[in-house]
Structure formats: C-alpha cells, structure tokens
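# Close look at the chain arrangement
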Amino acid sequence: MWLLPALGLNACVPDQTEPTPSAAQLNLTRYVAVGDAYSAGFSNGGLTTQSQLYSYPNLLAVQFSLAQPGIAFAQPLVTGEAGTGYLKLKEIGVNGLPVTERVPAARTTIRAKYTAQNSCGTTDTTYVYSRAAGVDLPNNLAIPGFRLTQLTTPGLGLEANAAAGSPFNSYFERLLPANDSRPYIQAVSENKATFFTAMVGLEDLLPYALKGGECIQRPTSTSNNLILSNLTVLLDALTANNRPGAIATLPELGALPYFQLGTGQRVLESVRASSGNAQAVLYIVSSLTNEARPIDNSDIVLPAALSAVGKEVSFTNADGSVETLRYGLDPRVPLARAEVLDATEVGRVTPFIKQFNATLKTLTDPVQGKYKIALVDINQLFLNVSGTGGVQGGVNINGVEYSGDPIRGNFFSLDLYSLTPRGNGLVANEFLRQINSYYRANLPLLDVNQLPTTSLPR
Amino acid sequence: MRLPYISAFFCLLAPAAVAGGFETGPQGARILGLGGAATALAYHPAAAYYNPGALGMRDSLTRISVGGMALARRTSFLSTDTQRKTYQDLTPVASGYLFASHYFGKGITGGLSVTTPFGYTTKWPTSWEGRSVVQESSLYTVQVQPTVAVAISENFSVGAGAMLTHGSVRQLRALGQYDAFDADAEYEGSANGAGFNVGLYGRSSEDLSFGISYRSGVRLKVTDGTATFRNVPAADASRFTNSQNVATDIYLPGTLSVGLANQITPKLNVLFDFTLTNWTKTDSATFRFANNQAARSSQPRRYEDAMAFKIGGEYQLDAKTALRLGVLYDESPVRDEYVAPDLPDGNKLAASLGVSFAMADKLNLDLAYQFGALSNRKARANQSQDQVSNIAGTYRTFVHTAAVGLSYSF
C-alpha cells in the first residue's frame with residue numbers, strides 16, 4: 001500500500017463538473033406564493049414556525065437562491081413555540097392509526113376568540129392570532145382556509161367580520177394592518193411579484209369533507225362555478241404583464257389517508273375479521289334519507305370513528321329494555337352522520353376536483369391554453385405516493401419509501417391530510433421539475449431524505 | 001521520469017474507463033505487469049491459477065511466488081436531481097497471493113495457488129444522498145487451489161485444480177427514517193464453496209504457444225448471515241429485529257480464457273488473452289430473512305456475460321531486469337438499467353507497467369502498477385418501483401492497482 005501515495009494517487013481523481021444552477025430567463029427576485037394550508041406550511045393540524053420553515057414555497061425559495069443568490073423570501077411566521085397549536089403523536093393505535101394529543105397555542109399567540117352557531121346548532125370557534133411581524137404583505141401569501149369563492153370578498157381580513165359571523169379568515173387578518181378591508185385578490189396584485197406559484201381551490205371543498213359533510217355549507221353548482229370563474233380572475237391577476245409562474249393541480253380526496261383508511265369495503269372487512277362474523281353488516285346513516293342503511297364501498301368512515309366501530313354500546317329499546325349492541329353492526333346503532341362521508345357527500349367533492357384539474361389543464365395547455373405558465377401535477381404525485389382505489393401506492397426516493405402510511409409513510413403528517421417537511425420537499429421537487437422543463441431552467445432539486453419526517457417544534 | 005508523473009501519464013492514456021464486475025483483476029505482480037494476459041504463460045507458478053495446463057511443462061525448477069497487492073477504486077457521483085457531486089471514500093483493499101509449483105517427475109507437476117480473485121469495497125460518505133440505497137458494500141474472497149498437471153508430450157500438457165473458496169459479504173445502508181441519521185441496517189455473511197478449473201497448453205513451435213483454460217463458477221450459499229439494526233426507536237423496534245439467519249447467495253462467475261504467447265525475439269515475449277466471463281448467473285444481491293422483515297434488502301443486478309481482451313509484453317532488458325507493459329479492455333457485466341452505487345461498474349480500459357529485478361541468484365523482486373479508467377455510467381431511478389432502490393446520477397471511476405512480490409526458484 002505504500003506504493004500508492006508514491007505514485008501520486010491524487011494526480012488523477014475521477015472528477016466531474018457540477019452543472020451551474022440557472023433560472024434561464026426567469027427573474028426570481030420577488031417570488032410570491034399563493035395558496036391555502038398546503039402552501040402555508042400547515043402540518044400536524046397546525047401552523048408552527050418550524051412547519052412554516054418547511055413549507056414547500058420556502059423550500060423552493062432556497063433552491064431559487066442557488067441560481068439567483070440573495071433572494072429574500074418573507075413568511076408570516078407565527079409566534080410562540082406551539083404556534084397555533086399542533087398534534088403530537090401519543091402512541092400508535094391498535095388499528096395502526098396515530099393516537100394524537102393537541103398541544104395548545106400559547107395564550108400570547110391568540111389575540112381574540114369568537115364563537116358562532118353553525119348549521120347543526122353547535123358552536124364553531126374562530127381564533128384571531130397575533131399579527132405577522134415585519135413587512136406589509138409577505139412573499140408567502142398562502143393562508144390556511146383560503147377559499148377561491150372568497151377571492152374578491154372585501155373585509156375577509158377584517159376582525160369585525162369575525163364577530164359578525166361574516167366571511168372571515170384569521171390567517172389573512174394577521175397579514176394585514178388593523179382595519180384593512182382589502183380583498184385577497186388585491187393583496188395578490190399589490191405584491192409586485194416577479195414569479196409566482198399557486199395551489200388553490202382545495203380548501204373550498206376540504207373542510208366539508210373533513211367534517212363528514214355536516215355542520216358546514218355544502219358545495220353547490222353555484223359555489224363550484226364561482227370557484228372556476230375566480231380561478232381565472234386569480235390567474236389573470238397573477239399572469240399580468242406576462243408574469244411567469246406555476247400552478248398545481250389539486251389532490252383528489254382518495255389520495256389523502258384521511259379518506260383512504262376508512263373506505264367502506266376496508267372497514268367492513270376489518271370489522272368482520274375482528275368480530276368473527278363473516279356476515280356482519282355495517283350500518284351508517286344516509287345523508288339523503290337520514291335513515292340507517294348498510295355501508296357501501298363509496299362511503300368513507302372518517303378516521304376518528306374507526307376505533308369506535310364494533311365497540312360494545314348499550315341501547316335502550318322502545319319498551320325500555322336495555323341491550324348491548326356493537327356500534328355500527330346493528331341498524332339501531334348506525335355510525336353517525338358526522339362520522340361518515342357517504343357516497344352522496346363524496347359525489348359533491350370528488351367529481352368537482354377532477355373537473356377543476358381538467359379545467360386547469362385546458363387553461364394552461366402549452367399550445368391552446370389561455371395562460372402560458374407551468375402546470376404541476378401535484379394530484380399525480382399524491383396518487384403515486386398513497387395510491388387510490390385499491391392501487392397500492394408508494395414511491396422510492398433514493399432508497400427511502402414514501403407512502404400513504406399515516407405513521408411511517410414520511411409524506412402525510414399526523415392530521416392525515418397535510419404534509420410533513422419531506423412531503424413538502426417532494427412537492428417542491430415536483431414544482432422544480434416542471435419549472436425546469438417549462439422555462440428551460442436548471443434549478444437543482446432537494447435531497448428530500450435530509451428533511452425531517454415531522455415538523456414538531458424542537 | 002519522476003514517479004508522480006507516471007500515473008498522470010496513465011490518466012491521459014485512458015480518457016474513458018471501466019473494469020469487470022467485482023473481479024479484482026490480475027493476480028500477482030508479474031501478471032499485473034502483463035495486464036493479466038497469462039493463459040499461455042508457462043514456467044511461472046501463477047499458471048496454477050491462470051491455466052493449470054501450462055503448469056505441466058516439465059519444469060526442472062521449483063518455483064514460489066508471493067506478494068501483496070492493493071486495489072483502490074475511486075468513484076465520483078454527480079446526482080441528477082440535486083446536481084451535487086460526491087466522492088467515494090478512498091478505501092484501498094489489501095490482498096495477497098501465493099503461487100508455488102514443483103515437478104514430481106514422470107511428467108507430473110503439482111501446484112498451489114492462493115489468490116483473492118473477487119472483491120470490492122465501496123464506502124460512501126455518511127452524508128451522501130444515496131445513503132439509504134447503500135452506504136457501504138464489500139465482498140472479499142480467498143481462493144485456495146491445489147493443482148495437478150500432466151505433460152502428455154513434449155509440447156502438450158493438461159492440468160486441473162480444485163478451487164476451495166471462502167467469501168464474505170457486507171452491506172450497510174441508512175434506514176432514512178425516524179429523523180435518526182444513524183438508524184441503519186447492516187447485513188453480513190460468509191460462506192465456503194468449491195469449484196474446479198481445467199486447462200490445456202501446447203506449443204506449436206519454439207516461439208508460439210497457446211492455452212485454453214476454464215474456471216468454473218462457485219456459488220457461496222450464506223445461511224447464517226447476520227442482520228443488525230441500530231438506533232431504531234423503541235416504538236418500531238419490533239419491525240427491525242436483529243437476525244442470525246439471514247440467507248444470501250454469492251455467485252462467483254466462471255470464466256473461459258484463450259491465450260496466445262509469441263516469443264518474438266529471445267528477449268521479447270508478447271501474450272494475448274481473450275476471456276469470457278459467465279456473469280449472467282449473478283442475478284441480484286438479496287438478503288433474505290426467515291420471517292419477512294420491513295428492511296429486507298435486495299439489489300437487482302441481472303449481469304450479462306462479458307468479454308475481456310488483454311495484451312501484455314515482457315522485455316528482458318538485461319540479465320537482471322525485465323520490463324513489462326500491459327493493456328486490458330474489460331467489458332462491464334452491468335447493464336445500463338442496473339447501474340447502482342454499491343458497485344458502479346463500467347467498461348474498463350487499463351494500462352499497466354511492471355518490472356522485475358534479480359536481487360540475488362534465484363530471487364526476483366516484482367513490481368507492477370495498473371491504472372484503469374471506467375467508462376462513465378449513468379444510473380436511472382424508477383421511483384414508482386418502490387421495492388427497488390436506486391439513485392439517479394453519473395458515476396466516474398478510476399481504479400488503481402499496485403503489487404509487489406518476490407519470486408524464488410530453485
């Protein structure tokens with residue numbers, strides 16, 4: 001071995017030249033992100049400084065600065081270690097689902113709280129958070145709960161509206177100075193962006209689905225049409241002066257673990273196996289007739305109810321006698337309406353998401369589309385990772401498997417629909433791929449396996 | 001010429017480079033100097049390994065040749081995704097060789113060869129992008145081969161040997177989970193196997209000789225390999241239980257070689273070898289568990305048969321000094337679709353220099369150095385095949401081999 005150094009081993013190292021990152025003709029000096037919870041860095045059921053730092057727009061800005069050093073990307077970081085509060089893993093449940101506990105927001109983070117009656121007669125609480133420090137209108141304009149239907153609504157960020165029960169978004173409120181009634185679209189236009197990314201529309205539909213279609217305004221053809229027309233209003237504003245950018249398709253419900261773990265057939269099979277009764281029938285309350293009916297594979301049992309299915313409950317008959325029944329396995333104790341997103345309710349969401357994605361494809365068609373911007377198929381990424389409709393999902397990124405598994409899948413956070421830092425990394429990489437190919441740029445991708453698997457504060 | 005310039009000179013000679021699978025290359029300092037062209041080389045105890053037939057030329061001398069070798073593969077990787085460059089850690093593999101031959105009379109010659117014909121060590125830095133594909137990978141083999149050769153006539157001999165092989169294999173990968181940078185899986189195993197080699201050697205004239213040699217493949221069946229998982233969080237420990245029953249197969253391929261030697265002048269001998277290596281039986285590197293574990297490990301390889309051409313020349317400068325020069329082209333058995341970081345192989349072009357000095361009456365010192373450059377290989381990764389791990393990028397590899405040995409004949 002003494003011979004090797006003598007021969008000048010380092011005289012010929014197998015060198016390779018790293019390509020120079022390039023943004024081609026793009027000017028990335030003021031990159032603005034428009035979107036909802038997915039773009040704001042919402043993770044584990046809340047917003048924390050940590051989760052915001054791992055939002056995909058922030059990850060994108062880091063990669064952009066490799067090509068154009070010195071790019072600043074301001075985010076409306078929440079205050080307090082716990083941010084707006086978040087979910088923490090307590091243990092892994094018997095059914096393989098995460099058992100979580102909520103870490104509450106610090107008192108100093110919450111500025112005010114308003115309650116309002118919802119359509120079920122229960123109360124919804126709206127919290128108003130401490131204002132984002134620093135500049136007027138940050139680069140990351142994404143606000144959890146953003147609805148395209150509220151794009152042009154004046155006063156969306158006016159605290160008085162929260163008290164009055166009018167359309168209000170507390171995450172938008174905290175971006176604006178007090179008593180500012182600018183609509184969201186104005187905040188977008190006034191932001192002087194040189195480049196934008198957008199992922200919008202999902203939170204017009206997601207809250208309805210997350211709540212099992214109860215106690216919340218249902219999507220109608222009117223609201224759907226408004227979503228589509230406001231999409232063009234937003235894109236008109238974003239692409240003004242031929243501003244370049246990229247827009248993402250929306251993930252279908254079936255690609256989110258929240259709606260994937262409790263598909264009718266899957267729950268029925270597991271309850272038949274655990275109860276030892278191969279003929280067991282699972283009953284839900286139909287949202288159409290409000291009567292018990294056997295579950296169908298198009299119905300989705302929500303995660304919170306999964307552990308209750310088949311548990312013993314006592315039931316009092318009309319004659320006063322008390323019986324012990326298994327929850328959901330008898331028409332007298334069907335799963336409650338809020339515990340199930342039934343086929344009718346799924347039908348109000350899923351077809352429209354497909355329609356929305358198809359519309360986006362048409363609008364951004366490279367040849368005939370109205371908007372000459374990159375289209376990022378985030379829906380396909382989600383489908384590849386988590387699979388859907390009986391198709392096994394999973395992608396292998398440099399030896400690490402990413403899947404829809406709620407604990408070990410690396411992609412979805414503990415709330416079962418928002419993303420982990422690694423999930424955000426994969427979304428950012430998808431954006432980078434499309435930006436590279438559409439604008440002939442050469443922006444390096446992220447090594448997502450370097451990112452944390454969860455965004456808990458540390 | 002100052003020594004540092006010699007390797008730089010070789011770098012210029014070999015702008016594109018490669019070497020064959022997990023073969024270590026020529027065995028022995030003299031053979032290394034000849035670029036590995038030794039199938040038609042007689043009157044050297046390495047014939048036991050290269051062609052037992054050539055051992056049978058009634059050689060009045062008893063010969064012993066012993067030495068040490070060092071092999072260093074150096075690879076750089078340029079990631080397609082992050083566009084970052086990573087150098088493999090420099091891990092020289094030390095090995096050695098022993099050859100001996102003795103003529104017992106009545107046309108019978110006995111020989112012994114101890115070699116390390118297959119092996120590699122790959123070690124990537126711990127922060128490397130592909131650490132969950134492979135962090136470290138190594139194979140080491142030792143082959144002991146008693147050999148007998150018989151001279152059938154003055155100009156024709158045959159020989160055969162039994163190859164007793166011990167091999168050990170090791171693979172380390174990061175789990176890439178749990179935010180634990182040091183959570184990893186290590187698989188190790190070793191096994192013994194046996195094979196044979198046969199060869200024939202003939203001379204058609206005073207200065208032209210030929211040899212044909214066949215070495216069988218050897219299958220090493222590991223049944224008691226170990227799997228060790230480190231730093232897995234307690235909640236998931238049951239998914240990764242250490243095991244003492246890991247099974248894997250290592251197939252060391254068989255080779256068929258044809259060689260020619262031409263004594264052009266009394267001082268200059270030129271040798272030519274053509275070798276076909278039966279790599280197709282190397283299908284994958286898979287570590288199997290008795291019970292199906294979350295962290296089973298499988299790297300598909302699907303090697304294809306590969307050819308190698310070797311030319312070597314030996315020039316007797318004076319009574320005490322012999323110079324050698326060799327060139328080798330070795331086709332890689334690794335298909336484009338299966339280029340992987342555990343052994344990023346490519347077609348190899350190598351050049352070697354060797355020299356022998358007579359130190360004493362019967363004692364020679366042999367020195368040799370070979371520089372090989374592998375052709376750049378581009379690896380692709382199919383993310384949708386979630387059971388198959390790979391990382392996309394370009395590999396560039398240089399291989400340095402050095403040998404120093406003593407030959408004694410009496």
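Residues numbered from 1 in each chain as written. Chains lettered and ligands numbered in written order. Predicted model: local features only at pLDDT ≥ 70, side-chain atom pairs only at ≥ 80, totals over all residues. Heavy atoms only, no water.

So, on to the overall build of chain B. On a plain count of helices and strands, chain B comes out with three helices and 21 strands. Over its C-alpha trace chain B gives a radius of gyration of 22 Å, about what one expects of a compact globule, namely 22 Å for 410 residues. Each of the three principal axes of chain B carries a C-alpha extent, and together these read 75 × 45 × 35 Å. Split into buried and exposed, the 410 residues of chain B put 57% on the buried side. Total accessible area computed for chain B in this model is approximately 16100 Å², and 59% of it derives from carbon and sulfur atoms. (Helix = DSSP H or I, 4+ residues; strand = E, 2+ residues; numbered from the N terminus. Rg over C-alpha atoms; globule rule 2.2 N^0.38 Å. Buried < 20%, exposed > 50% of the residue type's maximum accessible area, 1.4 Å probe, protein only. Areas by Shrake-Rupley, 256 points an atom, 1.4 Å probe, with all protein chains shown as cover.)

Another point: the interface of chain B and chain A. Listed as interface residues are 55 residues of chain B and, on the opposing side, 44 residues of chain A. Of the roughly 4100 Å² buried between chain B and chain A on both sides combined, carbon and sulfur atoms contribute 52%. For the pair chain B and chain A, the interface holds four salt bridges. The partner of arginine 408 of chain A in a salt bridge is aspartate 236 of chain B, and the shortest N-O contact between them spans 2.7 Å. Contributing elements (two or more residues each) for the side of chain B that touches chain A: helix 1 (3-13), strand 1 (63-79), strand 2 (85-87), strand 19 (363-374) and strand 21 (393-409) of chain B. With nine residues, the single largest contributor to the side of chain B that touches chain A is strand 21 of chain B. (Contact = heavy atoms within 4.5 Å. Buried area = accessible area lost by both parts, 1.4 Å probe. Salt bridge = Lys/Arg side-chain N within 4 Å of Asp/Glu carboxyl O.)

Residues and elements named next belong to chain A. The domain boundaries assigned to chain A delineate domain 1 (31-257 + 343-450) and domain 2 (264-298 + 300-341). For domain 1 and domain 2, the distance between their C-alpha centroids amounts to 34 Å. When the two sides are added together, the surface that domain 1 and domain 2 hide from each other amounts to roughly 1100 Å², 63% of it contributed by carbon and sulfur. Linking domain 1 with domain 2 are one salt bridge, by the criterion used here. A salt bridge links glutamate 214 to arginine 337; its shortest N-O distance comes to 3.2 Å. At the boundary of domain 1 and domain 2, one finds one residue pair in polar contact (both at pLDDT 80 or more). Counting residues per element, the side of domain 1 that touches domain 2 draws most heavily on helix 13 (residues 343-347), which supplies four residues. Considered class by class, the residues forming the side of domain 1 that touches domain 2 number eight nonpolar, four polar and three charged. (Domains from an automatic or database assignment. Polar contact = N/O pair within 3.5 Å; in protein donor to acceptor, adjacent residues only side chain to side chain. Nonpolar A, V, L, I, M, F, W, Y, C, P; charged D, E, K, R; others polar.)

This part covers the sheet that holds strand 1 (residues 31-35) of chain A. Residue and element names in this part refer to chain A. Reading across from one edge, 1-6-7-14 is the order of the four strands in this open sheet, with parallel pairing throughout. Of all the strands in the sheet, just strand 1 and strand 14 (374-376) have a single pairing partner and so form its edges. Direction aside, neighbouring strands of the sheet carry axes that sit 15° apart on average. Note that strand 7 (residues 245-248) and strand 14 share three bridges and pair parallel. Looking at the pairing, isoleucine 247 lines up with leucine 375 of strand 14. (Pairing = 2+ DSSP bridges. Axes fitted to C-alpha atoms, helices over the stretch in contact; angles between N-to-C directions.)

With that out of the way, let us pick up the packing of aromatic side chains. Taken as a whole and judged by the stated rule, the model has 36 aromatic pairs over all chains. With 4.9 Å between their ring centres and 45° between their planes, phenylalanine 77 of chain B and tyrosine 395 of chain B make a pair best called tilted. One end of the pair, phenylalanine 77 of chain B, is in strand 1; the other, tyrosine 395 of chain B, is in strand 21, and 318 residues separate them in sequence. Of the two residues examined, phenylalanine 77 of chain B and tyrosine 395 of chain B, each falls in the buried class. On the basis of an interplanar angle of 50° and a centroid distance of 5.4 Å, the ring pair of phenylalanine 229 of chain B and phenylalanine 240 of chain B is categorised as tilted. Of this pair, phenylalanine 229 of chain B sits in strand 10 (residues 218-230) while phenylalanine 240 of chain B sits in the loop between strand 10 and strand 11 (243-252); the two residues are 11 residues apart in sequence, bridging distant segments of the chain. Exposure class is identical for phenylalanine 229 of chain B and phenylalanine 240 of chain B. Each is buried. Taken together, the ring pairs connect Tyr31, Phe64, Phe73, Phe195, Tyr438 and Tyr439 of chain A into an aromatic cluster. (Phe/Tyr/Trp six-rings, centres within 6.5 Å; stacked < 30°, edge-to-face > 60°.)

To continue, consider empty space enclosed by the protein. All names here are of chain B. Tallied over the entire structure, the rule returns seven cavities of 30 Å³ or more. Forming the walls of the largest cavity are 30 residues, and the residues nearest its centre are Glu23, Tyr49, Tyr50, Thr255 and Lys310. Of all the secondary structure elements, the ones that give two or more residues to the lining of the largest cavity are helix 3 (47-50), strand 9 (208-215), strand 12 (255-265), strand 13 (268-277), strand 16 (306-316) and strand 17 (321-330). Here the element with the most residues in the lining of the largest cavity is strand 13; it accounts for three residues. Looking at the lining of the largest cavity, its residues break down into 12 nonpolar, 12 polar and six charged. Volume-wise, the second largest cavity comes out at about 130 Å³. Lining of the second largest cavity is provided by 16 residues; of these, Thr24, Leu71, Val93, Ser95 and Thr116 occupy positions nearest its centre. Looking at the lining of the second largest cavity, the elements that each hand over two or more residues are strand 1, strand 3 (93-105), strand 5 (119-123) and strand 6 (136-153). With three residues, strand 1 is the largest single contributor of residues to the lining of the second largest cavity. (1 Å grid on protein atoms, 1.4 Å probe; cavity = no way out; pocket = protein on both sides within 12 Å on 5 of 7 lines; lining within 4 Å. Points joined across faces, edges and corners; volume = space filled by probe spheres on them.)

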